[in-house]
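The residues making up each chain are set out below.
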Amino acid sequence: MIWENSLYLWLLTLIPAGIVLLWWKSRQVRAIQKKYFSTELFSSLRKGFWPLGNRLKTISMLAGLFFLIVALAGPKIGTEVREIKRQGIDMLVALDLSASMNAEDVRPSRLEKAKFEINRLIERLRGDRVGLVVFTGEAYLQSPMTLDYSALRLFLDIADTEQMPSSATDFKSAMETAMDAFEALEDNGTDAAKVLLIISDGEDHGQSYDEALEALISENILVYTLGVGTAEGTTIPIYEEGTDRLIGYKRDNSGRVVTTKLQSQTLRSIAGKGNGEYYSIERGNDGIDSFLARMDDLEKGEFASQEYADYKNQYQWMGVLALLCFVVSVLIPSYKE
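Residues numbered from 1 in each chain as written. Predicted model: local features only at pLDDT ≥ 70, side-chain atom pairs only at ≥ 80, totals over all residues. Heavy atoms only, no water.

Enquirer: Give me the lowdown on the nonpolar core, citing residues and values where you can.
Expert: Where a protein is soluble and globular, its nonpolar side chains tend to be buried together. Formed by 36 residues in total, the largest nonpolar core has its most connected members in Met91, Leu95, Leu121, Ile199, Tyr224, Phe291 and Met295. Going through the elements one at a time, β3 (89-96), α4 (110-124), β4 (129-135), α5 (149-157), β6 (193-200), β7 (221-228), β12 (278-281) and α9 (289-300) are the ones with two or more residues in this core. With five residues, the single largest contributor to this core is α4. Not counting chain neighbours up to four residues away, the residues in contact with Leu121 comprise Met91, Val93, Leu197, Ile288, Phe291, Leu292 and Met295. Counting residues in hydrophobic clusters, the runner-up holds 26 residues, among them Met175, Met179, Leu216 and Val223. (Core = buried A, V, L, I, M, F, W, Y, C linked by side-chain atoms within 4.5 Å. Buried < 20%, exposed > 50% of the residue type's maximum accessible area, 1.4 Å probe, protein only. Helix = DSSP H or I, 4+ residues; strand = E, 2+ residues; numbered from the N terminus. Contact = heavy atoms within 4.5 Å.)

Here it is as structure tokens:
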């Protein structure tokens, strides 16, 4: 049991105080009786007095006061299951801008293919708010939630691996930035489904993201993932700045050419825990049509409804009992003819 307004329960102290007051008054009456009246005279003056009825009247009044105070406190007992229908989507796309996204195992490159598919996604949206987070070892809100899809496309176009200070990947920072963006949303009067779409090749070099993911789950944010790349992997080309002339391949600290592969297991795990689904793009002609179909379902609310359990308010029953006690108190006579 929980209480809507538990402070009212302090009023229950009035009941024992009232009992003590009635007991003291009764003693005072008996003392005056013995001092000024004989037992026979007092009985004749109170002819027809019904002690039991008077006692029941007092008990009913005190019981009514008890139930009234409990009703004011708003007791909630048991559970009430309600169905919630969501309307539309508030979506945040988290785009990996680590150096490995320049790999060309998916043509023209992992990053360019991801940006192309995000543009396809934007074209399908109708009145849904969407924002963009870019991340590597750090994360930034490139575009806050907006209905201005043209502005979002501009932010998407300038997204590039060179704009980030780190070339590693940290999903924790992306999730924390996404959480901040969702918390900053103004209520638009609808119960829109909240969706985070993480697009990456799955290479995670950051800290554990479990706590950040749990925070998203606790706010009913659905986390979907999209893997871009191939399991076989490839090298990461380096082009001369401002041109398409290949000048080499990315190397590690030992001077060896780096090979990057799609780490789908990490992305599958994130989507599984985040109540979403994992999708992949492994070839240039692959798309995100399955994810787009899922978004259509969420917009219609078909899969966005959920059962919500809450404590059921029971104050009305306490109010009825209080009323009955007061009625009984009025109806019970203190005198019999």
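And the narrative resumes.
Enquirer: Talk me through the pairing of strand β10 (residues 246-249); I want residue IDs and the actual numbers.
Expert: Examined bridge by bridge, strand β9 (residues 237-239) and β10 share three bridges and lie antiparallel to one another. Paired with Pro237 across the bridge in β10 is Tyr249. (Pairing = 2+ DSSP bridges.)

Enquirer: Could you give an account of the side chain of Ser60, with specific residues and numbers?
Expert: Looking at the element boundaries, Ser60 is found in helix α3 (residues 51-73). Exposure remark for Ser60: the relative accessible area of 12% places this residue in the buried category. The contacts of Ser60, once residues within four sequence positions are left out, are Cys325, Val328, Ser329 and Ile332.

Enquirer: Before we move on, can you summarise the sheet that holds β6 with the specific residues and values?
Expert: Strand order in the open sheet formed by six strands is β5-β4-β3-β6-β7-β12, with mixed pairing between adjacent strands. For this open sheet the edge positions go to β5 (139-146) and β12, each flanked by a neighbour on one side alone. Ignoring strand direction, the axes of neighbouring strands in this sheet form an average angle of 15°. The pairing of β3 with β4 spans seven bridges and is parallel. Residue pairing across strands places Leu95 opposite Val134, the latter belonging to β4. Against the sheet, helix α8 (residues 264-273) engages β6, β7 and β12, with an angle of about 165° to β7. (Axes fitted to C-alpha atoms, helices over the stretch in contact; angles between N-to-C directions.)

Enquirer: Can you explain empty space enclosed by the protein? Please cite residues and give values.
Expert: Rolled over the atoms, a probe as big as a water molecule pinpoints where empty space is left. Taken as a whole and judged by the stated rule, the model has one cavity of 30 Å³ or more. Estimated volume of the largest cavity: approximately 40 Å³. Per-element accounting of the lining of the largest cavity gives the leading share, three residues, to β4. Taken together, the residues of the lining of the largest cavity sort by class into seven nonpolar, one polar and no charged. (1 Å grid on protein atoms, 1.4 Å probe; cavity = no way out; pocket = protein on both sides within 12 Å on 5 of 7 lines; lining within 4 Å. Points joined across faces, edges and corners; volume = space filled by probe spheres on them. Nonpolar A, V, L, I, M, F, W, Y, C, P; charged D, E, K, R; others polar.)

Enquirer: Outline helix α1 (residues 14-36), supporting the account with residue identities and numerical values.
Expert: Owing to its 3.6 residues per turn, the α-helix brings residues three or four apart onto one side. Under the 1.5 Å per step criterion, the end-to-end length of α1 is 33 Å for 23 residues, consistent within 8% with the ideal 33 Å. For α1, the complete set of buried residues consists of Ile15, Gly18 and Gln33. (Expected span 1.5 Å × (residues − 1).)

Enquirer: Go over α8, please, and point to the residues and values.
Expert: Among the residues of α8, those classed as buried are Leu267, Ile270 and Ala271. End-on, the buried residues of α8 take up no more than an arc of 95°, which puts them together on one face. Away from its buried face, by an angle of more than 90 degrees, α8 presents the exposed residues Gln265 and Gly272. In this structure, the buried residues of α8 make contact with α6 (171-183), β6, α7 (210-218), β7 and β12. With its phi angle positive at about 60°, Asn275 sits one or two positions after the end of α8. (Arc of directions from axis to C-beta.)

Geometry only, nothing functional implied.
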